[in-house]
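Take a look at the letters that make up each chain.
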Amino acid sequence: MNQLIHAQKKLLPDLLQIMQKRYEILQYIRLTEPIGRRSLAQSLGISERVLRAEVQFLKDQDLLDIKPSGMSLTMEGSSLLTILEETMKDVSGLTRLEMKLKERLSLENVIIVSGNSDQSPWVKKEMGRAAAACMKDRWVGENIVAVTGGTTMAAVADMLSPDPKNRKLLFVPARGGLGENVKNQANTICADMAEKALGNYKLLHVPGQLSAESYHSIIEEPTIKELLNVIKAATMVIHGIGDAKTMAIRRNTPVEDMQMIEQNHAVAEAFGYYFNQDGEVVNRVHSVGIQLDDLPSFPDIIAVAGGASKAAAIEAYFKKNRNTAVLVTDEGAAKQLLRDS
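Residues numbered from 1 in each chain as written. Predicted model: local features only at pLDDT ≥ 70, side-chain atom pairs only at ≥ 80, totals over all residues. Heavy atoms only, no water.

Listed under Sequence similarities (unreviewed entry) in UniProt, the entry text for the chain is "Belongs to the SorC transcriptional regulatory family." (UniProt positions renumbered as here; feature names shortened; annotations may be inferred.)

Pasting the structure below:
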């Protein structure tokens, strides 16, 4: 396949460019359907005149369905996207990027989607779709899925769908999160995932930040202790990686802790821990749920984070072995990571 693509690039470069453009149109429609032509043209940065011709071609090929509510993919269109996915990764160079980044971060697997989520919001949805597909591929007969909060995890939840193999699914929040934006809380995302995948869920009703005294008191509560045992028996953990300062501001971090985060040059955050560029913990939030020391006990961990601005955070987090199996990221983060190497 790689030899064929190389030959096409030499002999028919225009053909590959047209193929990539039409693939991108179908890909965007899949993420946002139903969508109007004007919105699609603005999102992809092409004129309505050019898009009109492309849409007509795709409709004639029975790949698009056009209704008053907007455009959506037909079953054949959706199937074609799936078939073309790996080929288009080769065409765009993403397969090579995945191999390089996997070696750079010493991970079992890296999945890279095209684009930069810092610049294009739809890229985060594509990361969510890729992460949702990865989760399904790795589920076993009975699953307990622990999930953290954040906007990226919310995108993953949006893209989940019922499991075709009808496996047992229980979703649990990886950590407490009351006090943050409701839609980005682990509890909300956990419930959304269960609804989309037709699974069950349990919620953890505790604040995201606690004093050391309150933390030790709460984890001794029988109902909390029982739920913690379920969370720590998770067969899969899926989490985001945040920029340290952004996350500290979002959490309304106390001034003294914010100063410590800045003075110790924290660049990354995950599971309530703040890491410097060497991957060392420089501060942490006392929160009920999964702790950093628990990670080696989980059989399957998936990290999802993208955007060129997240490159330093991703690299810092993976400076130490976190027992992560898969990183789902985007082209913007991947290129920035490899550029900095």
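Quick look at the overall build of the chain
Counting its regular elements, the chain contains 15 helices and 13 strands. Over its C-alpha trace the chain gives a radius of gyration of 21 Å, about what one expects of a compact globule, namely 20 Å for 341 residues. On the principal axes, the C-alpha backbone points of the chain span a range of 65 × 40 × 35 Å. Expressed as a percentage of its 341 residues, the buried residues of the chain come to 51%. Here the analysis covers contacts within the chain between residues at least 6 apart in sequence; of these, 69% occur between residues at least 24 apart. (Helix = DSSP H or I, 4+ residues; strand = E, 2+ residues; numbered from the N terminus. Rg over C-alpha atoms; globule rule 2.2 N^0.38 Å. Buried < 20%, exposed > 50% of the residue type's maximum accessible area, 1.4 Å probe, protein only. Contact = heavy atoms within 4.5 Å.)

Comments concerning the side chain of Asn-283
Relative to the assigned elements, Asn-283 resides in strand β11 (residues 281-284). Excluding residues that lie within four positions of it along the chain, Asn-283 makes contacts with Asp-257, Met-260, Ile-261, Gly-272, Tyr-273 and Tyr-274.

Let's talk about the sheet that holds β11
Strand order in the open sheet formed by 4 strands is β8-β9-β10-β11, and the pairing between neighbours is antiparallel. The outermost strands of the open sheet, each flanked by one partner alone, are β8 (242-243) and β11. Across 3 bridges, strand β10 (residues 273-276) lies against β11 in antiparallel orientation. Bridge pairing links Phe-275 to Val-281 in β11. (Pairing = 2+ DSSP bridges.)

Some details on the nonpolar core
Ranked by size, the top nonpolar core spans 54 residues in total, and within it Leu-40, Met-135, Trp-139, Phe-171, Met-193, Ile-238 and Ile-302 carry the most contacts. Looking at this core element by element, the count peaks at 8 residues for helix α7 (residues 121-138). Sequence-distant contacts of Trp-139, that is, excluding residues within four places in its chain, are made with Val-145, Leu-160, Asp-163, Arg-167, Leu-169, Phe-171, Ala-197 and Met-236. The next biggest cluster of nonpolar side chains, apart from the first, holds 46 residues, and it includes Leu-94, Leu-228, Val-237 and Leu-327. (Core = buried A, V, L, I, M, F, W, Y, C linked by side-chain atoms within 4.5 Å.)

Quick notes on the packing of aromatic side chains
Considering all chains together, one arrives at 4 aromatic pairs under this definition. When the centroid spacing of 5.6 Å and the interplanar angle of 75° are considered together, the rings of Tyr-28 and Trp-122 count as edge-to-face. Of this pair, Tyr-28 sits in helix α2 (residues 13-32) while Trp-122 sits in helix α7; the two residues are 94 residues apart in sequence, bridging distant segments of the chain. Aromatic side chains Tyr-317 and Phe-318 sit 5.1 Å apart centroid to centroid with 80° between the ring planes, which places their arrangement in the edge-to-face category. You can call Phe-318 buried: its relative accessible area is 9%. Taken together, the ring pairs in this structure connect Phe-275, Tyr-317 and Phe-318 into an aromatic cluster. Taking the ring centre of Phe-57 as reference, the NZ or CZ of Arg-22 above it sits at 3.8 Å. The ring of Tyr-317 carries the charged tip of Arg-322 above its face, separated from the ring centre by 5.1 Å. (Phe/Tyr/Trp six-rings, centres within 6.5 Å; stacked < 30°, edge-to-face > 60°. Lys NZ or Arg CZ within 6 Å of the ring centre and 35° of its normal.)

With respect to the pairing of β10
Burial along β10 is two-sided: the residues Tyr-273 and Phe-275 and Tyr-274 and Asn-276 are all buried. Two strands pair when backbone bridges link them, and strand β9 (residues 266-270) and β10 are joined in this way by 4 bridges, in the antiparallel orientation. Its bridge partner lying in β10, Ala-268 is registered against Phe-275. Counting the residues between successive antiparallel strands, the hairpin from β9 to β10 contains 2 residues, one of them, Phe-271, with a positive phi of roughly 55°.

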